[in-house]
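Coordinates in review
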Amino acid sequence: MNIEVRVFMKFRDYLPPTASDGKVMMSLREGSTFADLLSELGIPLAEPKLVVVNGISQGVSDTVNELKLNDGDIVAVFPPAGGG
């Protein structure tokens, strides 16, 4: 299955050279989870992140790691917002 991945800020460092403007198309096996996607990119599971799939926020909890992805999904990964 093919997934469009969009990453922001420090997560761009994990994208392959074929990426453009923080976006890349990735092929994953059917039944892959968000954790599988992170593993393919080399992004540590423990790294805090905000996840949006097809425009719907999935939050930042560990439960999102087991989220099943589907062909054609658009997955965006953001580092948590800082402030002060």
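Presented here is a report on the structure given in the accompanying data block. (Residues numbered from 1 in each chain as written. Predicted model: local features only at pLDDT ≥ 70, side-chain atom pairs only at ≥ 80, totals over all residues. Heavy atoms only, no water.)

1. Overview of the sheet that holds strand 3 (residues 50-53)
The cut-off we apply is this: Pairing between two strands requires that DSSP report at least two bridges joining them. Each helix corresponds to a stretch of at least 4 residues labelled H or I by DSSP, and each strand to a stretch of at least 2 residues labelled E; elements are numbered beginning at the N terminus. Each axis is a line fitted through C-alpha atoms, and for a helix only the stretch in contact is used; angles between axes span 0 to 180 degrees, taken between their N-to-C directions.
The strand order across the open sheet formed by five strands is 2-1-5-3-4, and the pairing between neighbours is mixed. Each edge of the sheet is formed by a strand with only one pairing partner; in this case those strands are strand 2 (23-27) and strand 4 (56-59). Averaged over neighbouring strand pairs, the angle between their axes works out to 25° when direction is ignored. Here strand 3 runs beside strand 5 (residues 74-78); their pairing, made up of four bridges, is antiparallel. Along strand 5, the bridge assignment pairs Leu 50 with Phe 78.

2. A closer look at the nonpolar core
Threshold: Think of a nonpolar core as a cluster: buried Ala, Val, Leu, Ile, Met, Phe, Trp, Tyr and Cys residues, connected wherever their side-chain atoms sit within 4.5 Å. When a residue's accessible area, from a 1.4 Å probe over protein chains only, is under 20% of the maximum for its type it is buried; when over 50% it is exposed; and in between it is partly exposed. Should any heavy atoms of two residues lie within 4.5 Å, those residues are counted as being in contact.
Counting residues in hydrophobic clusters, the biggest one holds 20 residues, and the most contacted among them are Ile 3, Val 5, Phe 34, Leu 37, Leu 41, Leu 69 and Val 75. Listing elements by their share of this core, those giving two or more residues are strand 1 (2-7), strand 2, helix 1 (34-41), strand 3 and strand 5. No other element matches the four residues that helix 1 contributes to this core. Setting aside anything within four residues of it in sequence, one finds Phe 34 in contact with Lys 49, Val 51, Val 64, Asn 65, Leu 67, Leu 69, Val 75 and Val 77.

3. Focus on the pattern of salt bridges
As a reminder, the rule being used: When a carboxyl oxygen of Asp or Glu lies within 4 Å of a side-chain nitrogen of Lys or Arg, that pair is called a salt bridge.
Taken as a whole and judged by the stated rule, the model has three salt bridges. Glu 4 is the partner of Arg 6 in a salt bridge, and the nearest nitrogen-oxygen pair spans 2.6 Å. Residue class for Arg 6 comes out partly exposed when judged on its relative accessible area of 28%. A salt bridge links Arg 29 to Asp 36; its shortest N-O distance comes to 3.6 Å. For Arg 29, a relative accessible area of 56% gives the class exposed.

4. Considerations on helix 1
In plain terms, the rule: Think of the arc as the fan of directions from the helix axis to the C-beta atoms.
Within helix 1 the residues assigned to the buried category are Phe 34, Ala 35, Leu 37, Leu 38 and Leu 41. Projected onto a plane normal to the axis of helix 1, the buried residues spread over an arc of 160° and lie on a single side. In helix 1, the exposed residues that point more than 90 degrees away from the buried face are Ser 39 and Glu 40. Looking at the buried side of helix 1, the elements it contacts are strand 1, strand 2, strand 3 and strand 5.

5. Details of the packing of aromatic side chains
As a reminder, the rule being used: Pairing of aromatic rings covers Phe, Tyr and Trp, the last through its six-membered ring, and needs centres within 6.5 Å; plane angles under 30 degrees mean stacked, over 60 mean edge-to-face, and all others mean tilted.
Per the stated rule, a full pass over the model turns up two aromatic pairs. Geometrically, the ring pair formed by Phe 8 and Phe 78 is stacked, given 4.3 Å between the ring centres and 0° between the ring planes. Residue Phe 8 is located in the loop between strand 1 and strand 2, and its partner Phe 78 is located in strand 5; the two are separated by 70 residues in the primary sequence. For Phe 8, a relative accessible area of 27% corresponds to the partly exposed category. You can call Phe 78 partly exposed: its relative accessible area is 26%. Ring centres of Phe 11 and Tyr 14 lie 6.5 Å apart, and the angle between their planes is 40°; this geometry places the pair in the tilted category. By relative accessible area, which is 0% here, Phe 11 ends up buried. The exposure class of Tyr 14 is partly exposed, given its relative accessible area of 30%.

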